[in-house]
Amino acid sequence: AVSAIRFHSRFLSGMICAGVFYLGMLGVHALCASKAPIDDSEGPRAQNLRRWTRILFGVTVTLLVFAAIGFMPLILGSLAFALSMLGSCLLFASAAGLCCDAATPRTLLQAHAFAPVTVACAFCFGCLIFEQVALHLGDEYARDVSLHFDGL
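Right, let's walk through the structure included here. (Residues numbered from 1 in each chain as written. Predicted model: local features only at pLDDT ≥ 70, side-chain atom pairs only at ≥ 80, totals over all residues. Heavy atoms only, no water.)

**What about the nonpolar core?**
Rules: For this analysis, a nonpolar core means a set of buried residues of the types Ala, Val, Leu, Ile, Met, Phe, Trp, Tyr and Cys, connected via side-chain atoms within 4.5 Å. Each residue's exposure class comes from its accessible area (1.4 Å probe, protein chains only) as a fraction of the maximum for that residue type: buried when under 20%, exposed when over 50%, partly exposed otherwise. In this text, helices come from DSSP runs of H or I with a minimum length of four residues, and strands from runs of E with a minimum of two, each type numbered from the N-terminal end. Here a residue-residue contact requires only that any non-hydrogen atoms of the pair lie within 4.5 Å.
Residues F11, Y22, F57, L64 and V117 are the most contacted members of the largest nonpolar core, which totals 24 residues. Elements represented by at least two residues in this core include exactly α1 (2-35), α2 (44-69), α3 (73-95) and α5 (115-137). When residues of this core are assigned to their parent elements, the largest contribution, eight residues, is made by α2. Ignoring any residue separated from it by four or fewer positions in sequence, one finds V117 in contact with A18, F21, Y22, F57 and V61.

Structural data, given as structure tokens:
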């Protein structure tokens, strides 16, 4: 169970990083948006897409917080990972012009800005998976699970 505790502490640090990255990006967005001139050249679809993906990443971080509290951590962590991947894929696809007619530099900037949140969610998901494996296998295989985790 020592290995499972180690994975859970890494999950908590990953969750804190995801929250800090998200709040940092919202702060930078608020700071830049308050000083930037209004750009009406973008369509409302691009603005709505970016607004909804910011909300989606907020839901992702909220799910990670509830998972950290202990309320169905594997299910909520998996859902948070899936939502963050969906948000990132949607932003990158729209920035490339593949969907939503939102191929603007601001969309691409937001896609890159929220990429650390997605990476932190993937890390948290990996920690939860390895924690479950360590709990089910027991301490005799905990060293092998730890070696595989450190190899990530």
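Now that the structure has been shown, the text picks up again.
**As for the packing of α2 against α3**
A pair of packed helices is characterised by two quantities: the angle between their axes and the separation of those axes. Short version of the rule: Lines fitted to C-alpha atoms define the axes, with helix axes restricted to the stretch in contact, and inter-axis angles between N-to-C directions lie between 0 and 180 degrees. In what follows, roughly perpendicular refers to angles from 65 to 115 degrees, roughly parallel to angles under 35, roughly antiparallel to angles over 145, and oblique to any angle outside these ranges. Here is the rule for handedness: rotate from the far helix to the near one, and if that takes an anticlockwise turn smaller than a right angle the crossing is left-handed, while a clockwise turn gives right-handed. As a working rule, the residues Ala, Val, Leu, Ile, Met, Phe, Trp, Tyr, Cys and Pro are called nonpolar, Asp, Glu, Lys and Arg charged, and the rest polar, with Gly in that last group.
In contact at an axis separation of 8 Å, α2 and α3 are set at 160° when each is read in the N-to-C sense. Put simply, α2 runs roughly antiparallel to α3. The two elements α2 and α3 meet at a crossing, and its hand is left-handed. The class makeup of the residues in the contact of α2 with α3 is 16 nonpolar, seven polar and no charged.

**What to know about the environment of L90**
Within the element layout of this structure, L90 appears in helix α3. Taking relative accessible area as the criterion, L90 reaches 29% and is therefore assigned partly exposed. Taking the C-alpha atoms as reference points, L90 and R50, 40 residues apart in sequence, are found 9.7 Å from one another.

**Considering the side chain of T60**
Along the polypeptide, T60 turns up in helix α2. Classification of T60 by relative accessible area gives buried; the value is 0%.

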